[in-house]
Structures are given as structure tokens and as C-alpha cells.
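Chain by chain, the residues:
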6 protein chains.
Amino acid sequence: MPIVTIQVTREGTAPGATSTTAEQKAALIQGVSQLLLDVMGKPFDSTFVVIEEVDLDNWGWHGLPVSELRKRAGRPR
Amino acid sequence: MPIVTIQVTREGTAPGATSTTAEQKAALIQGVSQLLLDVMGKPFDSTFVVIEEVDLDNWGWHGLPVSELRKRAGRPR
Amino acid sequence: MPIVTIQVTREGTAPGATSTTAEQKAALIQGVSQLLLDVMGKPFDSTFVVIEEVDLDNWGWHGLPVSELRKRAGRPR
Amino acid sequence: MPIVTIQVTREGTAPGATSTTAEQKAALIQGVSQLLLDVMGKPFDSTFVVIEEVDLDNWGWHGLPVSELRKRAGRPR
Amino acid sequence: MPIVTIQVTREGTAPGATSTTAEQKAALIQGVSQLLLDVMGKPFDSTFVVIEEVDLDNWGWHGLPVSELRKRAGRPR
Amino acid sequence: MPIVTIQVTREGTAPGATSTTAEQKAALIQGVSQLLLDVMGKPFDSTFVVIEEVDLDNWGWHGLPVSELRKRAGRPR
């Protein structure tokens, strides 16, 4: 009965999108549930997935908020 | 000094509600603090409770977002 | 389909115990599942509970590890 | 720069294993990193994965510790 | 490659602010990254920081939501 | 009443150490509590810190377990 938590920055990565799309979320949920089944035999009905979207000001890397990091350093993802 | 994190889907379960109500949140906080006191002797002033509400698109079960699961399978909670 | 995470220090609170006992863990799981049912109507088969025990050196409060805090300040829990 | 946390019960699911094997852990890490790349374009060097193994006494479902649930209800995973 | 998660109540602590300001978030990210470097030699490019802001109704202490606790007990933070 | 969770790999970074030392843990707890006080005015008695140490096989980066990554790529931290 696995629990998988996926944390990503709140921003668009699909063409024209400004946030993670419903299709991307469904693909993450389907893909990670399949992975748990393939690797560990965990059935679909026992896997929970939670996706957390985090504002760019609230995510830090390289000692900076990502909102700032993007301006300085190009496009880390 | 326990920390209890309660994650639920962001939707109404009380009559007429579209999300967890303030009364339900207060009841969860009171109830879980009492439980820690009863079972482990933890005093009220040392227990933190954090409630996280997760959008239906962001919660997966059975390999599907809950928003989709509800349409197909009735009303799992 | 709630997920409840309970974090406690790794130490005994029952008479003679040096860690949380299996009986205490079962009581926490039963009690918190019942609470989710009573307050929000969540059925038992949709609630996951995870208990995390944390070493006293790894838990901080008042700016000190709990292992140190206990020596100085009596018995916070 | 996603963070993926995978929580599973501490037990064997591969033949002869009594816990998640190093090979299974590597497959989970590889697979979930690939999924983030495929679905959201996240490069491998920006994805962190953390696997947490939880003792059977510390995981609850159906209001019971999994250690107890297995005895009563067959083999939920 | 540390991951630091900072959870705070969603409210203002700077003069005139009604939430954590972008400047405070940047200072937390910079400070905690520096701390990991100083104490454990972790370079800035390997530390992730995630700040989570939690509504006052969703945070419990002393068995009460913080929104209620503030009315009764002055100003715990 | 902040909660700060610090996740690090389980390995030594101090001379001769094979894991995070008690002194390093105390320094992290003291430093992060001070940071919350300096930046947001949070008093020491309202900040909880939890340090989680994660086995090298259980931490993934670049699509690989850190235990494997170290062999191939030098010494990322």
C-alpha cells in the first residue's frame, strides 16, 4: 500500500500552460502506479499518489528562490 | 511532542459544504490531540496538528485522479 | 482517502517500555481511523496511517535536541 | 526540480527477499525519474527521490496495523 | 543533497504584511542553505528548500486551531 | 510555531565520522531555530525540528541511487 508524494514547482511545462495540466497529473498518477506494480507487485488499488505544487517563491535551490534563480541562471527545472 | 499531519481531499463531506468545514477541522485537531494524550500521555501543549487539503486532480488512487475515479466508480472516499 | 502521519519521539511512554509499544501503535491507528469516520464519514478501508518514530538526537525543540532538553528542563514530551 | 517520496512497507516482495531489494530501489528511482522527464520535461539532474520503508506495526489500514491486517485478511499490499 | 521543508502558519510577521513576504522567504532559503554548508559541508547546488504555508484553521496546537487559540490565549507563534 | 524537517543522506561528513554526529545535529537544530527567530520572530519554544537520515540506497539523484552515483561520478553531496 505505497504512498507516493510528488512535489513540483507551480508553473507550466506543457505548451501554452501556466501550471501542471490535468493531463500531466493523470499521466504522473498512472505512470507511478504502474511502476509500483511492475517493480514491486503493488496492485493499483493499494497505491495512493499525492501531487503538491509549490510556488516559485517557496522553492529554494542554490541558496535562492527559484523565482530569482530563473532570472539569474537561465532555466533550471 | 508529536506532530500529526492529516491529508484529505479538498471537497465537502458535511451537508451543503464544498470543503472541509472549520468545525470539522477543529474536531480533527481536538480529537487527535486527545488521542495522543489518552494513548501516550502527550500533553495538549506539545502536540502540533497540520491539516493538508489536496485538490481532486492532485490525488491519485487506482491509477487515476480522484476527480476521474469518482465519475467511473461511484463514490470512494 | 485520508493519509495520517504521526511523528513521535522514539522512547517509552508505557510502564517499563523503552519505545512506543505495538499496543499503543494499534490504538493510535484504530483511534485516528475512527476519528476520520466520525468527523468526516471516511470509511476505514480508505484511511492510511503512518507512524514515524524519531530518535531523541534528531528532534529539536527550544533550539536543542530533545536528548539535551530533557537533561536541562525536566520532562517535556 | 521535483522531489518524489515513495513510502512502502518494510517487507520483501521479490522472491526470497525480506525487504525491498537494492535492485528494486534502483528501478523505482530510475523509473520515476524517467516519468518526470517524459511527462514534464524535468531533466534527471533536477529530480530527487527518497524511499521510506515503514515497519508493518507502524502502517495502518482498515483501522489496523498491517502486521495484524495480514493475519486476518489474507495479503493486502 | 539535503531537502529542508519549512512549515509556517500563513500570516504576516513583518510590519504591515499579511503573509510571509518574498524577502523573508528568500532569507529563509539563503540562511538554511548556508547552515547546511557550514555544519555539514553541503554545497549550495545540492540543497533543496520547500516552504509550506498553512492556513490558521488548518494548524492545531493545544488541541485548538490556531485561529481559535489566538483569540483565547494571546499571541502564540 | 514552525516545523522544520531536514532530510540528509546517512553518511559521515565530519572527520572520521560515518554518520551525522550528535554535535552536527545540535548545530542544525540551534541554527535553524535561530534563523526562524531572526527572520520571522518565531520564539525558540514554538519551533520543532525533525532530522531524517536516509540510507544511500534509498536516495536517488540523476536517476540513480546515491550509493551508485558516488561510484560513477565522484562525490556529489
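Quantities reported herein were computed from a predicted structural model and do not represent experimental measurements.

1. Description of the sheet that holds strand β1 (residues 3-9) of chain A
- Strand order across the open sheet formed by eight strands is β4(B)-β3(B)-β2(A)-β1(A)-β1(D)-β2(D)-β3(F)-β4(F), with mixed pairing between neighbours. What marks the edges here is a single partner per strand, and that holds for β4 (64-65) of chain B together with β4 (64-65) of chain F.
- Running at roughly 140 degrees to strand β2 (residues 48-54) of chain A, helix α1 (residues 22-40) of chain A makes contact with β1 and β2 of chain A, β3 (59-61) and β4 of chain B together with β1 (3-9) of chain D of the sheet.
- The strands that helix α1 (residues 22-40) of chain D touches are β1 of chain A, β1 and β2 (48-54) of chain D together with β3 (59-61) and β4 of chain F; relative to β2(D), the one it contacts most, it runs at about 140 degrees.

2. Brief notes about the relation of the copies chain D and chain A
- Rotating chain D by 180 degrees and translating it 0.0 Å along the rotation axis places it on chain A, where the RMSD comes to 0.0 Å. Here the copies are linked by what is in effect a two-fold axis. Scanning chain D for the C-alpha nearest the rotation axis identifies Thr5(D), at a separation of 2.5 Å.
- Mapped onto chain A, 100% of the interface residues of chain D are again interface residues, and the two copies thus contact each other with one and the same surface.

3. Describing the interface of chain D and chain A
- At the junction of the two partners, chain D supplies 32 residues and chain A supplies 32 residues.
- Buried area between chain D and chain A, summed over both chains or domains, comes out near 2900 Å², and the portion from carbon and sulfur atoms is 68%.
- One can count zero salt bridges joining chain D with chain A.
- Here chain D and chain A share five residue pairs in polar contact (both at pLDDT 80 or more) between them.
- Counting residues per element, the ones that place at least two in the side of chain D that touches chain A are β1, α1, β3 (59-61) and α2 (66-73) of chain D.
- Looking at the side of chain D that touches chain A, its residues break down into 18 nonpolar, nine polar and five charged.
- Strand direction decides the pairing type here: β1(A) and β1(D), joined by five bridges, are antiparallel. Its bridge partner being in β1(D), Ile6(A) is matched across the sheet by Val4(D).

4. A closer look at the packing of aromatic side chains
- Scanning the model with the defined rule gives 15 aromatic pairs over all chains in all.
- Both rings, one in Phe48(A) and one in Trp61(B), keep their centres 5.1 Å apart while their planes meet at 85 degrees; by these two values the pair is edge-to-face. Of this pair, Phe48(A) sits in strand β2 while Trp61(B) sits in strand β3, placing the two residues on different chains. Of the two residues, Phe48(A) and Trp61(B), both sit in the buried class.

5. Looking at the pairing of strand β1 (residues 3-9) of chain E
All names here are of chain E.
- The buried count for β1 comes to seven of seven residues, which makes it a mostly enclosed element.
- With seven bridges joining them, β1 and strand β2 (residues 48-54) adopt parallel strand pairing. From the neighbouring strand, Thr5 faces β2, where its bridge partner is Val50.
- Read from β1 through helix α1 (residues 22-40) to β2, the crossover connection turns out right-handed.

Each value, and the rule that gives it
- Residues numbered from 1 in each chain as written.
- Chains lettered and ligands numbered in written order.
- Predicted model: local features only at pLDDT ≥ 70, side-chain atom pairs only at ≥ 80, totals over all residues.
- Heavy atoms only, no water.
- Pairing = 2+ DSSP bridges.
- Helix = DSSP H or I, 4+ residues; strand = E, 2+ residues; numbered from the N terminus.
- Contact = heavy atoms within 4.5 Å.
- Axes fitted to C-alpha atoms, helices over the stretch in contact; angles between N-to-C directions.
- Least-squares fit on C-alpha atoms with pLDDT ≥ 70 in both.
- Buried area = accessible area lost by both parts, 1.4 Å probe.
- Salt bridge = Lys/Arg side-chain N within 4 Å of Asp/Glu carboxyl O.
- Polar contact = N/O pair within 3.5 Å; in protein donor to acceptor, adjacent residues only side chain to side chain.
- Nonpolar A, V, L, I, M, F, W, Y, C, P; charged D, E, K, R; others polar.
- Phe/Tyr/Trp six-rings, centres within 6.5 Å; stacked < 30°, edge-to-face > 60°.
- Buried < 20%, exposed > 50% of the residue type's maximum accessible area, 1.4 Å probe, protein only.
- Right-handed = clockwise from strand over helix to strand, strands pointing away.

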